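# Examination of the molecular architecture
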Amino acid sequence: MTPTARRISQGLAALASGLMLGLAQAESIKISCGSVGQELELCKQAAEQWARKTGHTVQVVATPNDASERLALFQQVLSAGSDKIDVFQVDVVWPGLLAAHLLDLRPFMHGVEKQHFPSFIANNTVGAREGKPGRLVAMPWFANAGLLFYRKDLLDKHGLKVPLTWDELTAGARKVMQAERAAGNERLWGYVWQGRAYEGLSCNALEWLVSHGAGTVVDADGRVSVRNAQAALALKTAAGWVGTISPTAVLNYAEEEARGVFQAGNAVFMRNWPYAWAPAQGPESTIRGKVGVAVLPRGSGAGGRPAATLGGESLAVSKYSRHPALATDLVLYMTSAAVQKERALTGSFNPTLPALYRDAEIARVNPFMAELADTFTNAVARPTAISGPRYNQVSNQFWNAAHEVLSGRSAPDDALTRLEATLQRLSRGGKWN
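I will try to describe carefully the structure that is included in this document. These figures come from a predicted structure and were not determined experimentally.

Attention now moves to the overall build of the chain. In terms of regular secondary structure, the chain is built from 20 helices and 11 strands. For the chain, the C-alpha radius of gyration of 24 Å lies close to 22 Å, the compact-globule estimate for 433 residues. Dimensions of the chain, computed from C-alpha atoms along their principal axes, come out at roughly 90 × 55 × 35 Å. Considering only residue pairs separated by 6 or more positions, the chain has 72% of its internal contacts joining residues 24 or more positions apart. One way to put it: in the chain the 44 positive side-chain charges average out to a point 3 Å from where the 37 negative ones average out.

What follows is the structure, encoded as structure tokens:
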């Protein structure tokens, strides 16, 4: 064998050895994603892109659709110290609840976190003090805020404008629904939303309260403020929709049930998150090209204003992961500008990177993102920061009280009086933490 041939042979052997070593070191990372709309499919696509890029594999772990059930599952897995899931998709209200079990991502980010909305980074940071940045336990993935979706064609047909108040929505929904049903469309409803007793109802009910100037259930100073006349009016107004402009079944609706009715062409108005835009505009949608998006209406009274509950999801790494560096690298890729832009274009998921709101392609595909930018900037946060680890109990009591009123099992004043007493016990005299 000539020296040249020998060197080639040795090089090929070294390459083969390196490839075998790489294969031997390839790891499998398990990520748990949501399953609303296109969430699961887009998560799989991005995870597979990372896998091809790195040579590792990703297993997507299915989770329940219901946010409360998903949180319970995550708490069970993490409390057991299990390594069965490396990366968790966490709701905006969960970082404080799960922080003890999550890895501090800041050392792995190399300053990338500064490119995201500061408020979202602050939401995902625990233990911050003066001079200490705290632990960054999750990276923002997409932002959310409640929006009003409406049928442009039906409003135009019946000479109506987009409602600015809840009273206008109620009257407009009733007018269109009655006229269309008289013309043969007996399945049409006026307004669909999330009325099931779960976190989604807390989001809707918070919007009703704030839009009526009724406070945020628990104020920033820790005071329980939920029992007041405007809060009672807000719940009474919503209860009046059930069985009139909203189907009684709305009391069992989550996001997808409401979207299913609206996208089938059977509702005039819908309250939902931005994700609902993309499927409504899909090639097989019966309402493609007929949908508009606006801010939610304001309530009556001096303090009435439009209000949208802040939502969104982040990605976190379990501190029990056997591959924390790889799991964090996956999170860094999944929350990158390139992936967030693709998710915005394909699934209308709002980015958490301010720079992407100036992207012309995103603005063309999702015009509401630019037009309603203030809605996302000024969205109302749930009382998670003040109630800390007790937020889940606060929300549970809030949505149950709201559901009692909506279902006619309790008068608003009675439900709010009981809710106030329960929350005051939980607060331990205003000392939530």
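Core analysis: the largest hydrophobic core is formed by 77 residues, its most contacted members being F149, Y191, W208, L209, V217 and F269. The residues contacting Y191, other than those within four sequence positions of it, are L148, W166, L169, W241, I245, S246, P247, F269, M270, R271 and L296. Listed in part, the 28 residues of the second largest apolar core include L105, F142, V317 and L330.

For the rest of this paragraph, the subject is helix 2 (residues 39-54). For helix 2, with 16 residues, the first-to-last C-alpha span of 23 Å sits near the 22 Å given by 1.5 Å per residue. Listed in full, the buried residues belonging to helix 2 are E39, L42, C43, A46, A47, W50 and A51. Among the residues trailing helix 2, G55 stands out with phi positive, at a value near 85 degrees.

Inspection of the entire model under this criterion finds 2 cavities of 30 Å³ or more. Taken as a whole, the largest cavity spans an internal volume of roughly 50 Å³. In terms of lining, the largest cavity is formed by S202, L206, V217, R382, P383, Y391, V394, S395 and F398. Looking at the lining of the largest cavity, the elements with two or more residues in it are helix 9 (199-211) and helix 19 (391-406). Take the lining of the largest cavity: its biggest share by element is 4 residues, from helix 19. Of the residues that constitute the lining of the largest cavity, the class distribution is 6 nonpolar, 2 polar and 1 charged. Volume-wise, the second largest cavity comes out at about 30 Å³. Taken together, the elements giving at least two residues each to the lining of the second largest cavity come down to helix 15 (360-365) and helix 16 (367-371). For the lining of the second largest cavity, the class distribution of residues is 6 nonpolar, no polar and no charged.

Following the criterion strictly, the structure yields 16 salt bridges and no others. Of the charged contacts in the structure, one is a salt bridge between E420 and R227, with a shortest N-O distance of 2.7 Å. In this pair, E420 is assigned in helix 20 (residues 412-427) and R227 in the loop between helix 9 and helix 10 (229-239), connecting sequence segments 193 residues apart. On the accessibility criterion, E420 (15% relative accessible area) is buried. Given the relative accessible area of 47%, R227 is considered partly exposed.

Let us look at the sheet that holds strand 1 (residues 28-32). Here we have 5 strands laid out as an open sheet, ordered 2-1-3-11-6, and mixed in their pairing. Where the open sheet ends on each side, the last strands, each with one partner, are strand 2 (57-61) and strand 6 (139-145). Shown here is a sheet whose adjacent strand axes are inclined to one another by a mean of 20 degrees, direction ignored. Here strand 1 pairs with strand 2 via 5 bridges, running parallel. The residue of strand 2 that forms the bridge with S32 is V61. Contacts from helix 2 reach strand 1, strand 2, strand 3 (87-91), strand 6 and strand 11 (310-317), with the element oriented near 165 degrees to strand 2.

Quick look at the layout of surface pockets now. Within this model, the largest pocket holds a volume of roughly 820 Å³. Taken together, 33 residues form the lining of the largest pocket, with S119, N123, L310, A381 and T384 sitting closest to its centre. At the level of elements, helix 4 (95-98), helix 6 (118-123), strand 4 (125-126), helix 17 (373-377) and helix 18 (384-387) are the ones that each hand at least two residues to the lining of the largest pocket. No other element matches the 4 residues that helix 6 contributes to the lining of the largest pocket. Across the lining of the largest pocket, the residue classes tally to 23 nonpolar, 8 polar and 2 charged.

Compared with an ideal rise of 1.5 Å per residue, which puts 16 residues at 22 Å, helix 20 spans 22 Å between its outermost C-alpha atoms and is within 8% of the ideal. Of all the positions in helix 20, only P412, A415, L416, L419, E420, T422, L423, L426 and S427 are classed as buried. Residues of helix 20 that are buried make contact with helix 10 and helix 19. The first or second residue beyond helix 20 is R428, which carries a positive phi of 55 degrees.

Here is what the cut-offs are and how they apply
- Residues numbered from 1 in each chain as written.
- Predicted model: local features only at pLDDT ≥ 70, side-chain atom pairs only at ≥ 80, totals over all residues.
- Heavy atoms only, no water.
- Helix = DSSP H or I, 4+ residues; strand = E, 2+ residues; numbered from the N terminus.
- Rg over C-alpha atoms; globule rule 2.2 N^0.38 Å.
- Contact = heavy atoms within 4.5 Å.
- Lys, Arg positive; Asp, Glu negative; His and termini not counted.
- Charge placed at Lys NZ, Arg CZ, Asp CG, Glu CD.
- Core = buried A, V, L, I, M, F, W, Y, C linked by side-chain atoms within 4.5 Å.
- Buried < 20%, exposed > 50% of the residue type's maximum accessible area, 1.4 Å probe, protein only.
- Expected span 1.5 Å × (residues − 1).
- 1 Å grid on protein atoms, 1.4 Å probe; cavity = no way out; pocket = protein on both sides within 12 Å on 5 of 7 lines; lining within 4 Å.
- Points joined across faces, edges and corners; volume = space filled by probe spheres on them.
- Nonpolar A, V, L, I, M, F, W, Y, C, P; charged D, E, K, R; others polar.
- Salt bridge = Lys/Arg side-chain N within 4 Å of Asp/Glu carboxyl O.
- Pairing = 2+ DSSP bridges.
- Axes fitted to C-alpha atoms, helices over the stretch in contact; angles between N-to-C directions.

Any link to function would need more than the numbers given here.
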